[in-house]
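Each chain, written out:
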Amino acid sequence: MGKRKLGFGFMRLPLLDRHDDGSVDIELVKQMVDAYIERGFTYFDTAWNYCNGMSECAIKEAVVDRYPRNAFTVTTKLPSFMLACAEDRDRIFNEQLKKTGAGFFDYYFLHDTNEDTLKTFNKFDCFAWLKEKKAQGLVKNIGFSYHDTAELLDQLLTENPEIDVVQLQINYLDWENVTVQSRKCYEVAARHGKPVFVMEPAKGGTLARVPNDVETMFKEHEPEMSVPSWAIRFAASLDHVQMVLSGMSDLEQVLDNTSYMSDFTPLTEEEIQMCHKAADMINSTIAVPCTGCSYCVPTCPMNIPIPKYFALYNANLQEIEGKSWTAQTLYYTHLREVFGKASDCVKCGKCESMCPQHLPIRTYMEDVAEHFEK
Ligand code: SF4
Ligand code: SF4
């Protein structure tokens, strides 16, 4: 892994058809990968379920088949929801080796570890299995991505000292969030001496499109820096953070991110305080703090595109004042013809058990229905 702290997340890749999460625009991804590698970056993060199962295949096509193996670093993850028996661990792992063509994984994580998924990971002894994979040389570093309390993280790292790295959700909006606990989790990892990889530094794009008053504050301070750069640089400024993932979706994002992360300068104390102030300003405007990770989507028996509806809802609330028509309303009408509509929700709660943000999705779905279907 190079020294540069920017990782390329293969989670929100550009699509040929925006209604089909698996329709990855691989030619554009190749251009993005080339620009990223040309600028001296090497780290790629994928997972079984990203892009409807096509992300690991995109790693092969855009990276592995086009660059020597020592020119890049690949991370992928074991999904708990695919595990029905102990044999599934190797079956999935071998399939991932085949899909990526990587030969071995530089990092391999238990995916979305939390109190609920831990039941499955522990039932099939996945921490011991991770160590076996490392001993076999098929994985160079082991870890887990994590979405739960700092207390549980402390317990996990105490019970599994052989873990090499933890991946945490850290961003300036969630820094003091009582559910996500970015700061507290970061401090636990630091206390255990574990390097931290950061996911969702821009909270699924939320910190790329901030309210006008926040944008003005940032632009007045540094006119040449983009708004999302503040989110990436906030996470990268933390001492124990070794990697900040950005789920890049177009070439422009790659060029912007790599421009300031090539020769990274940490934020000053004054700038960090500006981020905390921005968090207070943004928190007062967001209705549903969904990151768009899509973990909930496969669980929904009514085929409701949950994060898409939440994104439309949030955007509409920020825009709607005084308007009789918005693009979000039209987009919702199109989506409900193809997918389940918000009012189709049968309140089964399956989505909520998968949500890393612990959102009350059923309640929010009522709000969305009321807002768009009245
Ligand atoms: S609670 Fe509603 S949105 Fe969630 S999985 Fe069930 S039907 Fe889908
Ligand atoms: S509702 Fe939760 S699980 Fe679904 S996309 Fe949003 S943050 Fe992810």
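Just so it is clear, the model here is predicted, and its values are computed rather than measured. (Residues numbered from 1 in each chain as written. Chains lettered and ligands numbered in written order. Predicted model: local features only at pLDDT ≥ 70, side-chain atom pairs only at ≥ 80, totals over all residues. Heavy atoms only, no water.)

Draft legend 1. Representation of the site of ligand 1. In the vicinity of ligand 1, the contacting residues are C300, P301, M302, I306, C345, V346, K347, C348, G349, C351 and R362. Class assignment of the residues belonging to the shell around ligand 1 gives a composition of 8 nonpolar, 1 polar and 2 charged. (Near = heavy atom within 4 Å. Nonpolar A, V, L, I, M, F, W, Y, C, P; charged D, E, K, R; others polar.)

Draft legend 2. Representation of the layout of surface pockets in the model. Space inside the second largest pocket adds up to approximately 160 Å³. Contributing to the lining of the second largest pocket are L173, D174, N177, T179, V180, K203, N283, I286, P289, Q357, H358 and L359. Looking at the lining of the second largest pocket residue by residue, the class counts come to 5 nonpolar, 5 polar and 2 charged. Taken together, domain 1 (6-283) and domain 2 (297-373) each give at least three residues to the lining of the second largest pocket, which thus spans both. (1 Å grid on protein atoms, 1.4 Å probe; cavity = no way out; pocket = protein on both sides within 12 Å on 5 of 7 lines; lining within 4 Å. Points joined across faces, edges and corners; volume = space filled by probe spheres on them. Domains from an automatic or database assignment.)

Draft legend 3. Structural view of the sheet that holds strand β2 (residues 43-45). Overall, parallel pairing links the 8 strands, which are arranged β1-β2-β3-β4-β5-β6-β7-β8 in a closed barrel. Here the average twist between neighbouring strands, direction ignored, is 30 degrees. Pairing analysis gives 3 bridges linking β2 to strand β3 (residues 73-78), with the strands arranged parallel. The partner of D45 across the bridge, within β3, is T75. This element, helix α7 (residues 182-191), spans β5 (139-146), β6 (165-169), β7 (196-199) and β8 (241-246) of the sheet and lies at about 170 degrees to β6. On the sheet, helix α9 (residues 227-236) packs against β1 (6-9), β7 and β8 and is oriented at approximately 155 degrees with respect to β8. (Pairing = 2+ DSSP bridges. Helix = DSSP H or I, 4+ residues; strand = E, 2+ residues; numbered from the N terminus. Axes fitted to C-alpha atoms, helices over the stretch in contact; angles between N-to-C directions. Contact = heavy atoms within 4.5 Å.)

Draft legend 4. The arrangement of the nonpolar core in detail. F8, F10, Y36, F44, F144 and Y172 are the most contacted members of the largest nonpolar core, which has 97 residues in total. Residues contacting Y172, with those up to four places away along its chain left out, are L207, V210, F218, W230, A231, F234, C275, A278, A279 and I282. One finds L312, L359, Y364 and A369 within the second-largest nonpolar core, a separate group that totals 24 residues. (Core = buried A, V, L, I, M, F, W, Y, C linked by side-chain atoms within 4.5 Å. Buried < 20%, exposed > 50% of the residue type's maximum accessible area, 1.4 Å probe, protein only.)

Draft legend 5. Geometry of the pairing of β1. Along β1, one buried face is formed by L6 and F8 and the opposite face, lined by G7 and G9, is buried too. Where β1 lies against β8, 3 bridges are found, and the strand directions are parallel. Across the sheet, F8 pairs through a bridge with S246, a residue of β8. Bridge analysis of β1 against β2 gives 2 bridges, and the strand direction is parallel. Bridge pairing in β2 links F8 to F44.

Draft legend 6. Spotlight on the pattern of salt bridges. Counted according to the given criterion, the structure contains 21 salt bridges. With a shortest N-O distance of 2.9 Å, K133 and D90 are connected by a salt bridge. In this pair, K133 sits in helix α5 (residues 126-135) while D90 sits in helix α3 (residues 87-100), placing the two residues 43 residues apart along the sequence. Relative accessible area serves as the criterion here: at 34%, D90 is assigned to the partly exposed category. Among the salt bridges present, the one from K347 reaches E366, with a minimum N-O distance of 3.3 Å. Of this pair, K347 sits in the loop between α13 (327-338) and α14 (350-354) while E366 is found in helix α15 (residues 361-373), placing the two residues 19 residues apart along the sequence. Its relative accessible area of 42% is what places E366 among the partly exposed residues. Residues joined in a network through salt bridges with shared partners are E176, R183 and E187. (Salt bridge = Lys/Arg side-chain N within 4 Å of Asp/Glu carboxyl O.)

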